[in-house]
Amino acid sequence: MTALRDCRFARLLPLMLVALLSGCSQAPSVDVLGSFFPAWLVCFIVAIVLTALARLLVLRLHLKVALPMLAYPGLVAFFTFALWLLFFY
(Lines give C-alpha, C1' and ligand atoms only; values in the text may rest on other atoms or scores of the structure.)
Protein backbone atom coordinates (compact mmCIF):
# COMPACT_ATOMS: atom_id res chain seq x y z
CA MET A 1 0.00 0.00 0.00
CA THR A 2 2.83 2.45 0.76
CA ALA A 3 4.45 1.72 -2.60
CA LEU A 4 1.26 2.85 -4.34
CA ARG A 5 1.11 6.02 -2.27
CA ASP A 6 4.79 6.76 -2.98
CA CYS A 7 4.16 6.26 -6.69
CA ARG A 8 1.31 8.80 -6.67
CA PHE A 9 3.46 11.28 -4.79
CA ALA A 10 6.30 10.78 -7.26
CA ARG A 11 3.95 11.56 -10.16
CA LEU A 12 2.54 14.67 -8.46
CA LEU A 13 5.89 16.09 -7.33
CA PRO A 14 6.86 17.68 -10.69
CA LEU A 15 3.38 19.18 -11.03
CA MET A 16 3.58 20.65 -7.52
CA LEU A 17 7.03 22.10 -8.21
CA VAL A 18 5.86 23.73 -11.44
CA ALA A 19 2.83 25.19 -9.66
CA LEU A 20 5.00 26.60 -6.87
CA LEU A 21 7.66 28.06 -9.16
CA SER A 22 5.24 29.59 -11.64
CA GLY A 23 4.31 32.25 -9.10
CA CYS A 24 7.85 33.61 -9.29
CA SER A 25 7.66 34.36 -13.01
CA GLN A 26 6.24 37.86 -12.54
CA ALA A 27 6.76 40.35 -9.77
CA PRO A 28 4.49 43.35 -10.33
CA SER A 29 6.07 46.45 -8.88
CA VAL A 30 5.10 50.09 -8.88
CA ASP A 31 7.45 53.06 -9.20
CA VAL A 32 6.77 55.42 -6.28
CA LEU A 33 9.09 58.46 -6.28
CA GLY A 34 11.87 56.50 -7.98
CA SER A 35 11.68 53.48 -5.69
CA PHE A 36 9.98 50.25 -6.70
CA PHE A 37 7.43 48.75 -4.30
CA PRO A 38 5.50 45.52 -4.63
CA ALA A 39 2.05 46.11 -6.07
CA TRP A 40 0.31 44.46 -3.12
CA LEU A 41 1.96 46.91 -0.72
CA VAL A 42 0.63 49.90 -2.64
CA CYS A 43 -2.83 48.28 -2.73
CA PHE A 44 -2.63 47.64 1.02
CA ILE A 45 -1.85 51.28 1.80
CA VAL A 46 -4.68 52.52 -0.43
CA ALA A 47 -7.01 49.94 1.18
CA ILE A 48 -6.23 51.30 4.65
CA VAL A 49 -7.15 54.80 3.46
CA LEU A 50 -10.37 53.50 1.86
CA THR A 51 -11.28 51.66 5.05
CA ALA A 52 -10.72 54.81 7.11
CA LEU A 53 -13.03 56.68 4.74
CA ALA A 54 -15.61 53.90 5.02
CA ARG A 55 -15.41 54.12 8.82
CA LEU A 56 -15.99 57.87 8.67
CA LEU A 57 -19.02 57.23 6.46
CA VAL A 58 -20.35 54.66 8.95
CA LEU A 59 -19.88 57.12 11.82
CA ARG A 60 -21.55 59.95 9.90
CA LEU A 61 -24.56 57.76 9.07
CA HIS A 62 -24.79 56.67 12.74
CA LEU A 63 -24.64 52.98 11.83
CA LYS A 64 -23.56 50.40 14.36
CA VAL A 65 -21.04 47.77 13.31
CA ALA A 66 -21.70 44.47 15.07
CA LEU A 67 -18.11 43.16 15.17
CA PRO A 68 -15.69 46.00 14.41
CA MET A 69 -12.66 43.83 15.30
CA LEU A 70 -13.58 41.63 12.33
CA ALA A 71 -15.32 44.10 10.04
CA TYR A 72 -12.54 46.63 9.52
CA PRO A 73 -9.65 44.19 8.95
CA GLY A 74 -11.96 42.27 6.63
CA LEU A 75 -12.72 45.48 4.79
CA VAL A 76 -9.00 46.21 4.45
CA ALA A 77 -8.46 42.73 3.01
CA PHE A 78 -11.39 43.13 0.63
CA PHE A 79 -10.15 46.49 -0.64
CA THR A 80 -6.58 45.18 -0.97
CA PHE A 81 -7.56 42.17 -3.06
CA ALA A 82 -10.09 44.12 -5.12
CA LEU A 83 -7.57 46.85 -5.96
CA TRP A 84 -4.90 44.32 -6.85
CA LEU A 85 -7.30 42.45 -9.14
CA LEU A 86 -8.53 45.68 -10.69
CA PHE A 87 -5.15 47.25 -11.45
CA PHE A 88 -2.50 44.51 -11.58
CA TYR A 89 -4.07 41.27 -12.75
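See the structure shown above.
Quick look at the structure, then. None of these values were measured; they are calculated from a predicted model. (Residues numbered from 1 in each chain as written. Predicted model: local features only at pLDDT ≥ 70, side-chain atom pairs only at ≥ 80, totals over all residues. Heavy atoms only, no water.)

1. As for the overall build of the protein chain
- Assigned secondary structure in the protein chain consists of three helices and two strands.
- Its helices and strands in sequence order give the protein chain the pattern α-β-β-α-α, from N to C terminus.
- Here the protein chain holds 89 residues, and 13% of them are scored as buried.
- Taking all contacts inside the protein chain whose residues are at least 6 apart in sequence as the whole, residues at least 24 apart take part in 53%.
- When the accessible area of the protein chain is evaluated, it comes to approximately 7700 Å², of which 76% is carbon and sulfur surface. (Helix = DSSP H or I, 4+ residues; strand = E, 2+ residues; numbered from the N terminus. Buried < 20%, exposed > 50% of the residue type's maximum accessible area, 1.4 Å probe, protein only. Contact = heavy atoms within 4.5 Å. Areas by Shrake-Rupley, 256 points an atom, 1.4 Å probe, with all protein chains shown as cover.)

2. Remarks on unusual backbone geometry
- One non-glycine residue, H62, adopts positive backbone phi at about 60°.
- Structurally, H62 can be placed in the loop between α2 (39-60) and α3 (68-88).

3. Quick look at the environment of L75
- The topology assignment puts L75 in helix α3.
- Sequence spacing of L75 and I48 is 27 residues, and the spatial spacing of their C-alpha atoms is 8.7 Å.
- When neighbours within four sequence positions are excluded, L75 is seen to be in contact with T51 and A54.

4. Re the pairing of strand β1 (residues 29-32)
- Strand direction decides the pairing type here: β1 and strand β2 (residues 35-38), joined by four bridges, are antiparallel. Bridge pairing in β2 links V30 to F37.
- Counting the residues between successive antiparallel strands, the hairpin from β1 to β2 contains two residues, one of them, L33, with a positive phi of roughly 55°. (Pairing = 2+ DSSP bridges.)

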